[in-house]
Amino acid sequence: MISYNIITGDTLSKVFQRIPGVDPENLLIGRHFIIVLSTIAFTLPLSLYRDIAKLGKISLVSTVLTTLILGIVMARVVSLSPHIPKTEDAWIFAKPNAIQAVGVMSFAFICHHNCFLVYGSLEEPTVAKWSRIIHVSTLISVFISILFATCGYLTFTGFTQGDLFENYCRNDDLVTFGRFCYGVTVILTYPIECFVTREVIANVFFGGNLSPFFHIIITVIIITVATLVSLLIDCLGIVLELNGVLCAAPLIFIIPSACYLKLSEERRTHSDKIMSCVMLPIGAVVMVVGFVMAVTNPQDCTHGQEMFYCFPDNFSLTNISVSHFQLTTQPPILNISTFQ
């Protein structure tokens with residue numbers, strides 16, 4: 001929920017800055033105001049639903065918008081990539097801090113906390129139907145994520161930010177439309193996470209049932225806490241890394257494996273038990289090492305700043321001569337050798 005708020009503030013603030021006649025310094029289009037406004041106007045009302053099935057049509061809209069965003073990112077890899085200098089060692093497969101990326105990828109695919117609610121929302125919940133749904137949806141998610149990651153890195157290589165849209169120039173109208181779609185998608189996805197948080201609190205502290213009064217109070221408290229934290233943090237990268245190593249790794253690798261090893265009556269040489277024995281220590285390593293590296297080697301964040309390649313006066317998204325590139329940013333940000 002915190003990461004979604006950060007994305008909403010970062011993304012929609014740049015969209016509103018493109019409105020003609022709007023002062024970029026106006027507080028009403030600042031990320032803090034947008035986070036608060038989107039919370040009050042959209043995410044809080046949607047999160048007050050009691051039945052997650054009512055979010056089905058909203059999820060469909062999010063899926064359609066995600067497809068549009070992917071098309072924009074793919075179009076920009078063709079038109080923009082040739083004109084952005086590649087970083088040194090851009091094509092090395094992995095570096096020592098790659099385990100931080102494992103945490104982020106784990107966070108991207110964490111759906112375990114939603115499973116009970118989604119399974120219960122099916123008209124005829126059966127294991128066979130659930131297995132088909134989870135496999136198809138996960139494969140589609142993998143395909144989309146690979147396309148986003150590949151296109152983003154091909155375009156910006158080592159300059160790629162935790163929030164990919166932070167890399168694009170603010171005067172790119174096509175990307176501005178993509179930012180708007182992205183912001184809407186995130187706002188519509190937010191309530192699902194709130195549903196899960198509220199469900200956990202209800203099961204742990206209230207025996208699984210919340211009266212209408214406590215339903216509203218708990219929802220407001222959850223969203224208020226998430227909003228306050230997101231107002232204090234403006235870098236998405238560190239949030240994704242910590243979410244991945246502290247939350248996703250246990251939920252994906254450690255807890256399911258430990259539960260299966262504890263409860264299963266299969267023989268020790270069974271393939272599922274062997275897989276659990278492999279995944280459990282992998283999750284532990286990702287969690288511990290990833291946390292240490294995220295704290296000691298945090299990802300650079302250029303939140304709210306234009307990237308250096310957006311400044312040259314003769315820069316055009318569709319027609320540019322590389323020979324005319326001029327370095328107009330501070331030397332520490334980029335080594336001049338990258339242009340050679």
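Being a predicted model, the structure only gives us computed values, none of them experimental.

1. Digging into the pattern of salt bridges
Then, number 1: This structure, assessed with the given rule, holds five salt bridges.
Then, number 2: A salt bridge links D172 to R76; its shortest N-O distance comes to 2.7 Å. Residue D172 is located in the loop between α6 (127-156) and α7 (173-205), and its partner R76 is located in helix α3 (residues 56-79); the two are separated by 96 residues in the primary sequence. The same class applies to D172 as to R76, namely buried.
Then, number 3: Of the charged contacts in the structure, one is a salt bridge between E306 and R170, with a shortest N-O distance of 3.9 Å. Of this pair, E306 sits in the segment after α10 (271-296) while R170 sits in the loop between α6 and α7, and the two are 136 residues apart along the sequence.
Then, number 4: For E306, a relative accessible area of 25% corresponds to the partly exposed category.

2. Structural notes on the packing of α3 against α6
Then, number 1: Taken N-terminus to C-terminus, the directions of α3 and α6 make an angle of 30°; their axes are 9 Å apart at the nearest point. Considering their axes alone, α3 and α6 lie roughly parallel with respect to each other. Crossing of α3 over α6 shows left-handed handedness. Seen from α3, the contacting residues are T66, I69, L70, V73, M74, R76 and V77; seen from α6, they are I144, L147, F148, C151, G152, L154 and T155.
Then, number 2: For the contact of α3 with α6, a count of residues per class yields 10 nonpolar, three polar and one charged.

3. Overview of unusual backbone geometry
Then, number 1: With a phi close to 55°, D89 is a non-glycine residue in the positive phi region.
Then, number 2: Mapped onto the fold, D89 is located in the loop between α3 and α4 (98-108).
Then, number 3: With a phi angle near 40°, T157 is a residue other than glycine that sits in the positive phi range.

4. Considerations on the UniProt feature "transmembrane region" (unreviewed entry) in the protein chain
Then, number 1: The UniProt record annotates "transmembrane region" (unreviewed entry) at residues 28-46, 58-78, 98-122, 134-156, 176-192, 213-233, 239-261 and 273-295.
Then, number 2: Taken end to end, residues 176-192 has its terminal C-alpha atoms 26 Å apart, with 100% of it in helix and 0% in strand.
Then, number 3: The span residues 213-233 is 95% helix and 0% strand, and its two end C-alpha atoms sit 31 Å from each other.

5. Observations concerning the nonpolar core
Then, number 1: Formed by 20 residues in total, the largest nonpolar core has its most connected members in V73, I84, F156, F159, Y168 and Y309.
Then, number 2: Among the elements of the structure, α3, α6 and α7 are those that each provide at least two residues to this core.
Then, number 3: Looking at which element gives the most residues to this core, the answer is α3, with five residues.
Then, number 4: Look past the residues within four positions of V73 in its chain and what remains in contact with it is F148, C151, G152, L164 and Y168.
Then, number 5: Listed in part, the 16 residues of the second largest apolar core include M1, Y4, I7 and L240.

6. Observations regarding α4
Then, number 1: For α4, the set of buried residues is I99, Q100, G103 and S106. Buried residues along α4 cover an arc of 115° about the axis, so they all sit on one side. Opposite its buried face, α4 presents the exposed residues M105 and A108, each directed more than 90 degrees away.
Then, number 2: Here the buried face of α4 lies against α9 (236-263) and α10.

7. Some points on the packing of aromatic side chains
How two aromatic rings sit relative to each other is set out by the distance from centre to centre and by the angle between their planes.
Then, number 1: Within the structure shown, the criterion is met by 10 aromatic pairs.
Then, number 2: The interplanar angle of 20° and the centroid separation of 5.9 Å between the aromatic rings of F156 and Y309 together place this pair among those described as stacked. Of this pair, F156 sits in helix α6 while Y309 sits in the segment after α10, and the two are 153 residues apart along the sequence. Assigned by exposure class, F156 and Y309 land together as buried.
Then, number 3: Relative to Y182, the ring of F165 has its centre 5.2 Å away and its plane inclined at 40°; by these criteria the two rings are tilted. Of this pair, F165 sits in the loop between α6 and α7 while Y182 sits in helix α7; the two residues are 17 residues apart in sequence, bridging distant segments of the chain.
Then, number 4: Y182 gets classed as partly exposed once you look at its relative accessible area, which sits at 22%.
Then, number 5: Connected via pairs of aromatic rings, a cluster forms that spans F156, F159, F165, Y168, Y182, F308 and Y309.
Then, number 6: Looking at R198, its charged tip hangs above the ring of F195, at a distance of 4.7 Å from the centre.

Definitions and limits used
- Per-chain numbering applies: the sequence of each chain, read as written, is numbered from 1 onward.
- Local features in this predicted model are restricted to residues of pLDDT 70 or higher, and side-chain atom pairs are both shown and tallied only at a pLDDT of 80 or more, whereas totals for entire chains, interfaces and linings draw on every residue.
- No hydrogens and no water enter the side-chain calculation; it runs on all heavy atoms of the structure.
- We define a salt bridge as a contact between a side-chain nitrogen of Lys or Arg and a carboxyl oxygen of Asp or Glu at a distance within 4 Å.
- Note on conventions: DSSP H or I runs of at least 4 residues are helices, E runs of at least 2 residues are strands, and numbering of each starts at the N terminus.
- Only protein chains enter the accessibility calculation, which uses a 1.4 Å probe; a residue is then buried when its area is under 20% of its type maximum, exposed when over 50%, and partly exposed in between.
- Structural elements are reduced to axes, namely lines fitted to C-alpha atoms, with helices fitted over the stretch in contact, and the angle between N-to-C directions of any two is expressed from 0 to 180 degrees.
- These descriptions rest on fixed angle ranges, namely under 35 degrees for roughly parallel, over 145 for roughly antiparallel, 65 to 115 for roughly perpendicular, and the rest for oblique.
- We call a crossing left-handed when the near helix sits turned anticlockwise from the far one by less than a right angle, and right-handed when that turn is clockwise.
- Throughout, a contact is declared for two residues whenever any of their heavy atoms are within 4.5 Å.
- Throughout, the ten residues Ala, Val, Leu, Ile, Met, Phe, Trp, Tyr, Cys and Pro are labelled nonpolar, Asp, Glu, Lys and Arg are labelled charged, and all others, Gly among them, are labelled polar.
- UniProt positions are given in the numbering used here, feature names are shortened, and annotations may be inferred rather than shown by experiment.
- The nonpolar core is taken to be a set of buried Ala, Val, Leu, Ile, Met, Phe, Trp, Tyr and Cys residues, with the residues joined through side-chain atoms within 4.5 Å.
- The arc in question is traced by the directions running from the helix axis to the C-beta atoms.
- A pair of aromatic rings is counted whenever rings of Phe, Tyr or Trp (Trp by its six-membered ring) have centres within 6.5 Å, and the orientation is called stacked for planes under 30 degrees apart, edge-to-face for over 60 and tilted otherwise.
- The rule is short: NZ of Lys or CZ of Arg within 6 Å of the ring centre and within 35 degrees of the ring normal puts a charge over the ring.

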